Amino acid sequence: LGDLIVNGCFDMKQQYHVWSEETAEAFADTLIALHRGLPYGYELRASLRFIADKDTSAAIALFRQSANLDNHRANPLVAIAMLYQAGGKADSVRAVSMRALSRDNGNFDAATMLFGSMSRMQLSVQDVPDLKLLEGWAQSFLQRAKDRESPGYQIDKANSILSKTQSAIAQLQESNHAPAQ
(Lines give C-alpha, C1' and ligand atoms only; values in the text may rest on other atoms or scores of the structure.)
Protein backbone atom coordinates (compact mmCIF):
# COMPACT_ATOMS: atom_id res chain seq x y z
CA LEU A 1 0.00 0.00 0.00
CA GLY A 2 2.84 2.37 0.84
CA ASP A 3 4.41 1.90 -2.59
CA LEU A 4 1.09 2.72 -4.23
CA ILE A 5 0.83 5.93 -2.20
CA VAL A 6 4.36 7.00 -3.16
CA ASN A 7 3.86 6.15 -6.83
CA GLY A 8 0.43 7.80 -6.91
CA CYS A 9 1.71 11.00 -5.34
CA PHE A 10 4.69 11.07 -7.67
CA ASP A 11 2.34 10.58 -10.65
CA MET A 12 0.09 13.42 -9.43
CA LYS A 13 3.10 15.70 -9.78
CA GLN A 14 5.02 14.29 -12.75
CA GLN A 15 2.57 12.50 -15.02
CA TYR A 16 -0.76 14.22 -14.47
CA HIS A 17 0.55 17.65 -13.43
CA VAL A 18 -2.25 17.98 -10.88
CA TRP A 19 0.06 18.75 -7.98
CA SER A 20 2.60 21.52 -7.85
CA GLU A 21 6.11 20.94 -6.58
CA GLU A 22 5.12 22.57 -3.30
CA THR A 23 2.03 20.36 -2.85
CA ALA A 24 3.99 17.19 -3.54
CA GLU A 25 6.77 18.20 -1.14
CA ALA A 26 4.21 19.16 1.52
CA PHE A 27 2.62 15.73 1.18
CA ALA A 28 6.03 14.04 1.52
CA ASP A 29 6.80 16.17 4.58
CA THR A 30 3.41 15.27 6.09
CA LEU A 31 4.08 11.56 5.56
CA ILE A 32 7.45 11.94 7.27
CA ALA A 33 6.02 13.96 10.16
CA LEU A 34 3.14 11.56 10.80
CA HIS A 35 5.04 8.33 10.16
CA ARG A 36 8.76 8.85 10.89
CA GLY A 37 9.29 5.11 11.22
CA LEU A 38 7.93 4.31 7.76
CA PRO A 39 10.01 4.63 4.58
CA TYR A 40 7.44 6.05 2.17
CA GLY A 41 7.70 9.77 2.85
CA TYR A 42 11.48 9.60 2.49
CA GLU A 43 11.16 7.81 -0.84
CA LEU A 44 8.69 10.37 -2.16
CA ARG A 45 10.93 13.21 -0.93
CA ALA A 46 13.98 11.55 -2.57
CA SER A 47 12.21 11.18 -5.92
CA LEU A 48 11.01 14.77 -5.83
CA ARG A 49 14.44 16.04 -4.82
CA PHE A 50 16.09 14.29 -7.73
CA ILE A 51 13.50 15.43 -10.28
CA ALA A 52 13.43 19.02 -9.05
CA ASP A 53 17.11 19.67 -8.43
CA LYS A 54 18.95 16.71 -9.97
CA ASP A 55 20.48 16.45 -6.49
CA THR A 56 21.74 12.88 -6.65
CA SER A 57 23.51 12.92 -3.28
CA ALA A 58 20.41 14.22 -1.43
CA ALA A 59 18.21 11.66 -3.20
CA ILE A 60 20.61 8.82 -2.32
CA ALA A 61 20.71 9.93 1.33
CA LEU A 62 16.90 9.94 1.51
CA PHE A 63 16.61 6.57 -0.25
CA ARG A 64 19.20 5.19 2.21
CA GLN A 65 17.14 6.47 5.10
CA SER A 66 14.11 4.72 3.63
CA ALA A 67 16.09 1.49 3.13
CA ASN A 68 17.24 1.59 6.75
CA LEU A 69 13.66 1.92 7.99
CA ASP A 70 12.46 -1.24 6.26
CA ASN A 71 15.05 -3.93 5.69
CA HIS A 72 12.67 -6.15 3.74
CA ARG A 73 11.90 -3.85 0.82
CA ALA A 74 14.18 -3.67 -2.19
CA ASN A 75 12.63 -0.58 -3.83
CA PRO A 76 14.77 2.11 -2.18
CA LEU A 77 17.93 0.12 -2.94
CA VAL A 78 16.84 -0.30 -6.56
CA ALA A 79 16.37 3.47 -6.75
CA ILE A 80 19.87 4.02 -5.32
CA ALA A 81 21.33 1.57 -7.84
CA MET A 82 19.55 3.43 -10.67
CA LEU A 83 21.07 6.72 -9.51
CA TYR A 84 24.52 5.13 -9.35
CA GLN A 85 23.95 3.62 -12.79
CA ALA A 86 23.12 7.04 -14.20
CA GLY A 87 26.39 8.27 -12.70
CA GLY A 88 28.37 5.43 -14.28
CA LYS A 89 29.39 3.85 -10.96
CA ALA A 90 29.29 0.15 -11.92
CA ASP A 91 30.88 -1.11 -8.69
CA SER A 92 28.30 0.75 -6.59
CA VAL A 93 25.46 -0.48 -8.83
CA ARG A 94 26.69 -4.02 -8.33
CA ALA A 95 26.95 -3.74 -4.54
CA VAL A 96 23.56 -2.08 -4.07
CA SER A 97 21.84 -4.44 -6.54
CA MET A 98 23.20 -7.40 -4.59
CA ARG A 99 21.73 -5.92 -1.39
CA ALA A 100 18.39 -5.41 -3.14
CA LEU A 101 18.37 -9.01 -4.35
CA SER A 102 19.16 -10.21 -0.84
CA ARG A 103 15.96 -8.48 0.28
CA ASP A 104 13.85 -9.59 -2.68
CA ASN A 105 15.42 -12.31 -4.79
CA GLY A 106 12.67 -11.95 -7.39
CA ASN A 107 13.24 -8.26 -8.07
CA PHE A 108 13.50 -7.87 -11.85
CA ASP A 109 15.03 -4.39 -11.79
CA ALA A 110 17.72 -5.32 -9.26
CA ALA A 111 18.70 -8.40 -11.26
CA THR A 112 18.88 -6.57 -14.58
CA MET A 113 20.96 -3.77 -13.04
CA LEU A 114 23.29 -6.29 -11.44
CA PHE A 115 23.69 -8.04 -14.78
CA GLY A 116 24.26 -4.72 -16.55
CA SER A 117 26.90 -3.63 -14.07
CA MET A 118 28.74 -6.95 -14.29
CA SER A 119 28.64 -6.99 -18.08
CA ARG A 120 30.66 -3.75 -18.08
CA MET A 121 33.41 -5.25 -15.91
CA GLN A 122 36.35 -7.51 -16.52
CA LEU A 123 35.17 -10.65 -14.74
CA SER A 124 37.33 -13.17 -12.92
CA VAL A 125 36.76 -16.50 -11.22
CA GLN A 126 35.97 -14.56 -8.01
CA ASP A 127 32.83 -13.31 -9.74
CA VAL A 128 31.40 -16.81 -10.24
CA PRO A 129 29.30 -16.74 -6.99
CA ASP A 130 27.58 -13.53 -8.12
CA LEU A 131 27.08 -14.95 -11.60
CA LYS A 132 25.55 -18.09 -10.06
CA LEU A 133 23.20 -15.86 -8.06
CA LEU A 134 22.07 -14.26 -11.33
CA GLU A 135 21.77 -17.67 -12.98
CA GLY A 136 19.54 -18.85 -10.12
CA TRP A 137 17.48 -15.68 -10.30
CA ALA A 138 16.89 -16.13 -14.04
CA GLN A 139 15.96 -19.80 -13.67
CA SER A 140 13.56 -19.00 -10.83
CA PHE A 141 12.07 -16.05 -12.69
CA LEU A 142 11.47 -18.12 -15.82
CA GLN A 143 9.85 -20.91 -13.81
CA ARG A 144 7.40 -18.45 -12.24
CA ALA A 145 6.88 -16.31 -15.35
CA LYS A 146 3.70 -18.06 -16.52
CA ASP A 147 2.05 -17.98 -13.10
CA ARG A 148 2.85 -14.30 -12.76
CA GLU A 149 1.87 -13.50 -16.35
CA SER A 150 5.19 -11.70 -16.77
CA PRO A 151 5.52 -9.41 -19.80
CA GLY A 152 7.34 -10.83 -22.81
CA TYR A 153 10.19 -8.33 -22.60
CA GLN A 154 10.95 -9.51 -19.04
CA ILE A 155 10.94 -13.15 -20.16
CA ASP A 156 13.27 -12.28 -23.06
CA LYS A 157 15.61 -10.38 -20.72
CA ALA A 158 15.65 -13.25 -18.19
CA ASN A 159 16.45 -15.74 -20.99
CA SER A 160 19.27 -13.48 -22.17
CA ILE A 161 20.67 -13.10 -18.65
CA LEU A 162 20.48 -16.87 -18.13
CA SER A 163 22.27 -17.66 -21.39
CA LYS A 164 25.00 -15.03 -20.99
CA THR A 165 25.52 -15.83 -17.32
CA GLN A 166 25.87 -19.56 -17.96
CA SER A 167 28.34 -18.82 -20.76
CA ALA A 168 30.40 -16.51 -18.54
CA ILE A 169 30.47 -19.06 -15.71
CA ALA A 170 31.63 -21.80 -18.09
CA GLN A 171 34.35 -19.58 -19.58
CA LEU A 172 35.63 -18.46 -16.17
CA GLN A 173 35.67 -21.97 -14.77
CA GLU A 174 37.38 -23.28 -17.91
CA SER A 175 40.04 -20.57 -17.83
CA ASN A 176 40.64 -21.28 -14.14
CA HIS A 177 41.38 -24.93 -14.91
CA ALA A 178 43.46 -24.31 -18.04
CA PRO A 179 47.12 -25.33 -17.69
CA ALA A 180 49.60 -22.48 -17.49
CA GLN A 181 51.78 -22.08 -20.58
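Above this note sits the structure.
Keep in mind the model is a prediction, meaning the values are calculated, not measured.

A. Spotlight on the pattern of salt bridges. Scanning the entire structure with this criterion turns up 8 salt bridges. One salt bridge in this structure joins Glu21 and Lys13, with 3.3 Å as the shortest N-O distance. There is no split in this pair, since Glu21 and Lys13 are both buried. Residue Glu25 is joined to Arg49 by a salt bridge in which the shortest nitrogen-to-oxygen separation is 3.4 Å. Of this pair, Glu25 sits in helix H2 (residues 21-34) while Arg49 is found in helix H3 (residues 40-53), placing the two residues 24 residues apart along the sequence.

B. Representation of the packing of helix H4 (residues 56-69) against helix H5 (residues 75-86) in the model. Their axes nearest at 8 Å, the elements H4 and H5 cross at an angle of 160°. If you check the angle between H4 and H5, you find them roughly antiparallel. The hand of the H4/H5 crossing is left-handed. Between H4 and H5, the residues in contact are Thr56, Ala59, Ile60, Phe63, Arg64, Ser66 and Ala67 and Pro76, Leu77, Ala79, Ile80, Leu83 and Tyr84, respectively.

C. Spotlight on H4. Compared with an ideal rise of 1.5 Å per residue, which puts 14 residues at 20 Å, H4 spans 20 Å between its outermost C-alpha atoms and is within 8% of the ideal. The complete set of buried residues in H4 reads Ala59, Ile60, Leu62, Phe63, Ser66 and Ala67. Axial view of H4: buried residues confined to an arc of 165°, hence all on one face. Pointing more than 90 degrees away from the buried face of H4 are the exposed residues Ser57 and Asn68. Here the buried face of H4 lies against H3, H5 and helix H6 (90-103).

What counts, and at which threshold
- Residues numbered from 1 in each chain as written.
- Predicted model: local features only at pLDDT ≥ 70, side-chain atom pairs only at ≥ 80, totals over all residues.
- Heavy atoms only, no water.
- Salt bridge = Lys/Arg side-chain N within 4 Å of Asp/Glu carboxyl O.
- Buried < 20%, exposed > 50% of the residue type's maximum accessible area, 1.4 Å probe, protein only.
- Helix = DSSP H or I, 4+ residues; strand = E, 2+ residues; numbered from the N terminus.
- Axes fitted to C-alpha atoms, helices over the stretch in contact; angles between N-to-C directions.
- Parallel < 35°, antiparallel > 145°, perpendicular 65-115°, else oblique.
- Left-handed = near helix turned anticlockwise from the far one by under 90°.
- Contact = heavy atoms within 4.5 Å.
- Expected span 1.5 Å × (residues − 1).
- Arc of directions from axis to C-beta.

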